[in-house]
Structure formats: C-alpha cells, structure tokens
Amino acid sequence: MAFEIVATGRALPKNRITNDELSATVDTNDEWIRSHTGIGSRYIAGEDVATSDLAALAAKRALAALAKKTGEPENSIAESIDVIIVSTSSGDYVGGVPPTSCVVQNKIGAKNAAAFDMAVCCTGFIYGLEIASGLLSTGSRKRILLICAELLSRITDWSDRGTCVLFGDGAAAVIIEKTQAPLTGDGKRGILRCLLGADGGGAESLIVRRGGSKNPYRKNEVVDKPPHIEMDGRAVYNFAVKTITDVISKLLEQEGVGISDLAVIIPHQANVRIVEAARKRLGAPEGVFYTNMEEYANTSAASIPIALDELNEAGRLKKGDLIMVVGFGGGLTFGGALIVW
Ligand code: COA
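Parameters and conventions
- Throughout, a residue's number is its position along its own chain's written sequence, starting from 1.
- It should be noted that, the model being predicted, local features are given only for residues of pLDDT at least 70 and side-chain atom pairs only at 80 or more, the latter also being counted only at that level, while totals for whole chains, interfaces and linings use all residues.
- Here the side-chain values reflect all heavy atoms present in the structure, with hydrogen atoms and water set aside.
- Counting from the N terminus, the helices are the DSSP runs of H or I reaching at least four residues and the strands are the DSSP runs of E reaching at least two.
- With a 1.4 Å probe rolled over the protein chains alone, any residue whose accessible area is under 20% of its type maximum counts as buried; one over 50% counts as exposed, and the rest are partly exposed.
- Every angle, taken between N-to-C directions, lies between 0 and 180 degrees, and every axis is a line fitted to C-alpha atoms, over only the stretch in contact when it is a helix.
- Between 65 and 115 degrees an angle is taken as roughly perpendicular, under 35 as roughly parallel, over 145 as roughly antiparallel, and anywhere else as oblique.
- Left-handed describes a crossing whose near helix is turned anticlockwise from the far helix by less than a right angle; the clockwise case is right-handed.
- Residue contacts follow a heavy-atom distance rule, with two residues in contact if any of their heavy atoms lie within 4.5 Å.
- Expected span, for any helix, means 1.5 Å times one less than how many residues it has.
- A single heavy atom is enough: if one lies within 4 Å of a molecule or strand, its residue is considered near that molecule or strand.
- Under the rule applied, a polar contact is a pair of N or O atoms within 3.5 Å (in protein, one hydrogen donor and one hydrogen acceptor; residues adjacent in sequence only if both atoms are side-chain atoms).
- Note on areas: these come from Shrake-Rupley sampling with a 1.4 Å probe, and a residue is covered only by the protein chains present in the view.
- Cavity: a set of points on a 1 Å grid over the protein atoms alone where a 1.4 Å probe fits but cannot get out. Pocket: an open set with protein on both sides within 12 Å along at least five of seven lines, its lining residues, like those of a cavity, having an atom within 4 Å of a point.
- Cavities and pockets are treated as containing a molecule whenever more than half of the molecule's atoms lie within 2 Å of their grid points.
- Domain delimitation in this document rests on an assignment produced automatically or drawn from a domain database.
- The term buried area denotes the loss of accessible surface (1.4 Å probe radius) that occurs when two parts are joined, taken as the sum for both partners.
- Only one rule defines a salt bridge in this text: a Lys or Arg side-chain nitrogen within 4 Å of an Asp or Glu carboxyl oxygen.
- Here a pair means two rings of Phe, Tyr or Trp (six-membered ring of Trp) with centres within 6.5 Å. Their orientation is stacked below 30 degrees between planes, edge-to-face above 60, and tilted elsewhere.

## Here we look at unusual backbone geometry
Here Val-97 and Pro-98 are connected by a cis peptide whose omega angle stands at 0°. Even without being glycine, Ala-297 reaches a positive phi, approximately 60°. With respect to the element layout, Ala-297 can be found in the loop between helix 10 (293-296) and helix 11 (303-313). Overall, the relative accessible area of 1% leaves Ala-297 in the buried class. For Ser-300, which is not glycine, the phi dihedral falls at a positive 55°. Within the secondary structure, Ser-300 sits in the loop between helix 10 and helix 11. On the accessibility criterion, Ser-300 (3% relative accessible area) is buried.

And the structure:
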C-alpha cells in the first residue's frame, strides 16, 4: 500500500505586482528586494477574492488534471474525495469558524468529504502530507484533497517594508490516493517518509499578535492597524538555514540515499539567500533546488505545492524520480518529506 500524489493544481490571483510597482507606495526598491531575497514580483488578490476562492480554483484544477488522466468525470472524482484538508494561516473567517475547508467543500461539490483546516504556517504542506498518509492508512479512505491556500496580503502591514515586500497570495492543491504500489523495496512509490518538528521557543519570531484569545480587540478600542504579521527577520533567517540543512541531511540518512540520488529538492520559497546558504552547507550541486520566489514571493503554505505543480505541469517530474520537499516557518515549525513520483 502506498500514498501517491496523483494530481496537482494551482491558482494565483490575476494582479501581479513587480518590485518597481511596489516601490511606488512602499519605501523600498527593486535592487534591495532582489539582492536580499531574490524576489521580483508577487500576486495580490483583489478585495472580492477570499482564501476559499483561490483554494477552490486550485482544487478544481487538480480535479480536472485527474479527470484528464483517468477519464473519470470531474464531478465523480469530487464526490469520491474522502477528506479535504485546507492548510491556511489566513483563512476566510477568524478562528476558522467556519473552517475554510468546509466552504471549499461546498464550492467544489465534494459532498462526501470530511473537511478540516490546519494552521502550521509555511510548513503546512509537509504536515498535510503526513496527516493525509495517516488518514489513508486506516479505514476505507482512498482519496484525500490537500489544499494549501494563503491570502497573506490580508494580514500584511503594508507600512512595514521589512515584511511587506516578502509575501504574496496563492494556492495549490494535490490529490493523494491510496494505491497498491509498494511503500518499500523495489518499485516503491509515493510518500516514503516525512519528518516533522516544532520549536515553540521561537513563537514570537513570526507572529500576528492581535485578534486572537491572547490579545483580542476590545469594545471601543481605537485600532490603528488590522491584525498583521510581525517578524524578527534575522532570527527566522538563521532558523531557516539550519533547519533546511538538518532536515535534508536527516531524511537522506534515514532513507540511506545521497543528495545526488534526488531529482529535485523543492524548498519553501521564502528567500533565495536562505536556499543558497543551505545548499553551500550541504555541499549540494547548483540547480538541485527548484526556486520560483522570484515570480511569486513567499506564499507561505502554498509555496511548495505551487512549485510542485509547476514542475509537474512542465513534465519535469518523471515516474520513479526521488524528490524532496522541505519547509519551515511560523511556530516555529519545520519538516520535510521524501517522495517517489
Ligand atoms: N527595502 C529597503 N531597505 C530595507 C527593506 C526594504 N524592503 N527592509 C529593510 N531595509 C533596510 C533596513 O531598514 C536596514 O537599514 P539600516 O541598516 O539603515 O537600518 C537594512 O535594510 C538591513 O536590514 P536588515 O533587516 O538587517 O536586513 P537583512 O539583511 O537581515 O535582510 C530579511 C532582511 C528580511 C530579507 C532577512 O532577514 C530574511 O530573509 N529573513 C527571513 C525572512 C523570512 O524568510 N521569513 C518568512 C519565513 S517563513
């Protein structure tokens, strides 16, 4: 029994904003953003778009991809989904009431699916893979729809140039199926292993302080800013470089393979300097990491599956390829997974 990603899809808002365009309203410039982060543009949702809209669009594209592959009608695939997991830290409603996953379930007609949200910030896709595998390993479940969707623009402080240049909106979905392929030995396929972790001691390094039970808005309070992300950039940078390096090394060791056995590593797309520093520490060859933050900036949980979908769509993932995904983010959380495509 194996747990295989059988289809992918992504959705980005229409509105693309370059660094130069952002510099018209923020005290920054293209040279600083590129040299410090590798980011060149980001997509920002219009006011009429909610997280569930992007999530549902990404999900529909994954459903359409599977329909094309199998010949099964799209609506019957939607009805065959056993569980919808939406990973988001910027869902439709405060505290997830109702869960964004339930809104999505209704939008895509997945009427037989259970649905729940999870908030693991930028590591959401990795946690989602492990949770989906666990759900598929028991009972009669066969198909899980894992969607990572973020509208970080709604919790961004656009007057803080230290954070607002970094983030973008986006969503991506994968369909994970229980198949008869082996999970170990010759011909093994699917999600081979996941490594998950957290360091709550770093919770304040990346935080939205207001609006929750710890710091609720009070009656008659004059609010100067809506809830927004605050970040200790240096602390997150150091955590990220160490984490990527450790997670990759551990996963390779556990699987008994080397970095040269990997077709590609897809890291969380936060900052090209973080990826490059980790690559040097690992002694990894140039080009083994796939990056696309130049186009999309940091879309939090959605960044890894957006990249996965791009590679899949371009036909750059071949059957049997060993690939690694590795993430880190608020929590602080971290994790990685090894997958045979
Ligand atoms: N445009 C222009 N100047 C900027 C700027 C911007 N957008 N943001 C900060 N600066 C300025 C600062 O004010 C500072 O100026 P000063 O020296 O005159 O005070 C200078 O640039 C250096 O700032 P600093 O914060 O020390 O830069 P840095 O080299 O640490 O880079 C980050 C900042 C955010 C790019 C870097 O810390 C980082 O990538 N951290 C990880 C962030 C991340 O990935 N978070 C998400 C994780 S999921």
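## Regarding the packing of helix 8 (residues 233-255) against helix 9 (residues 272-282)
When two helices pack together, their arrangement is given by the angle between the helix axes and the distance between those axes. Between helix 8 and helix 9, the least distance of the axes is 9 Å, while the angle of their chain directions is 45°. By the angle class used here, helix 8 and helix 9 are oblique. Helix 8 and helix 9 meet at a crossing whose hand is right-handed. Together, Tyr-237, Ala-240, Val-241, Lys-242, Ile-244, Thr-245, Ile-248 and Ser-249 of helix 8 and Arg-273, Ile-274, Ala-277, Ala-278, Arg-281 and Leu-282 of helix 9 make up the contact between the two elements.

## Comments concerning helix 3 (residues 51-70)
End to end, helix 3 covers 29 Å across 20 residues, agreeing with the expected 28 Å (1.5 Å per residue, within 8%). For helix 3, the complete set of buried residues consists of Thr-51, Ser-52, Leu-54, Ala-55, Ala-56, Ala-58, Ala-59, Ala-62, Leu-63, Leu-66 and Ala-67. On the buried face of helix 3, the contacting elements are strand 1 (2-11), helix 4 (74-80), helix 5 (100-108), strand 6 (143-151) and strand 7 (169-179). Gly-71 lies just past helix 3 and shows a positive phi near 80°.

## Points about the site of the ligand
The local shell around the ligand holds 22 residues, among which Thr-28, Arg-161, Gly-233, Arg-234 and Asn-271 are the closest. Here an oxygen atom of the ligand and a side-chain polar atom of Arg-161 are 2.9 Å apart. Its free accessible area being 970 Å², the ligand has 71% of it covered by the protein chains. The cavity that encloses the ligand is the second largest pocket.

## Quick notes on the domain arrangement of the protein chain
Many authors give the size of an interface as the accessible area that is lost as the parts come together. With domains assigned, the protein chain is organised as domain 1 (2-179) and domain 2 (190-340). For domain 1 versus domain 2, the distance between C-alpha centres works out to 15 Å. Taken together, the contact pairs 50 residues of domain 1 with 49 residues of domain 2. Of the roughly 3900 Å² buried between domain 1 and domain 2 on both sides combined, carbon and sulfur atoms contribute 63%. Considering only the surface of domain 1 that becomes buried against domain 2, Arg-10, Cys-122 and Ile-126 emerge as the three largest contributors, covering 18% of it. At the boundary of domain 1 and domain 2, one finds five salt bridges. In this structure, Glu-313 engages Arg-10 in a salt bridge whose closest nitrogen and oxygen atoms are separated by 3.3 Å. The tally of links between domain 1 and domain 2 comes to 24 residue pairs in polar contact (both at pLDDT 80 or more). Mapped onto the side of domain 1 that touches domain 2, the elements with two or more residues apiece are strand 1, helix 2 (30-37), strand 3 (41-43), helix 6 (124-136), strand 6, helix 7 (161-164) and strand 7. The biggest single contributor to the side of domain 1 that touches domain 2 is helix 6, with seven residues.

## A word on the packing of aromatic side chains
Applying the stated rule across the entire model yields two aromatic pairs. Plain terms: the ring middles of Tyr-43 and Tyr-296 are 5.7 Å apart, the flat faces sit at 40° to each other, and that makes the pair tilted. Highlighted residues: Tyr-43 in strand 3 and Tyr-296 in helix 10, separated in sequence by 253 residues. Accessibility expressed as a relative area gives 8% for Tyr-296, which makes it buried.

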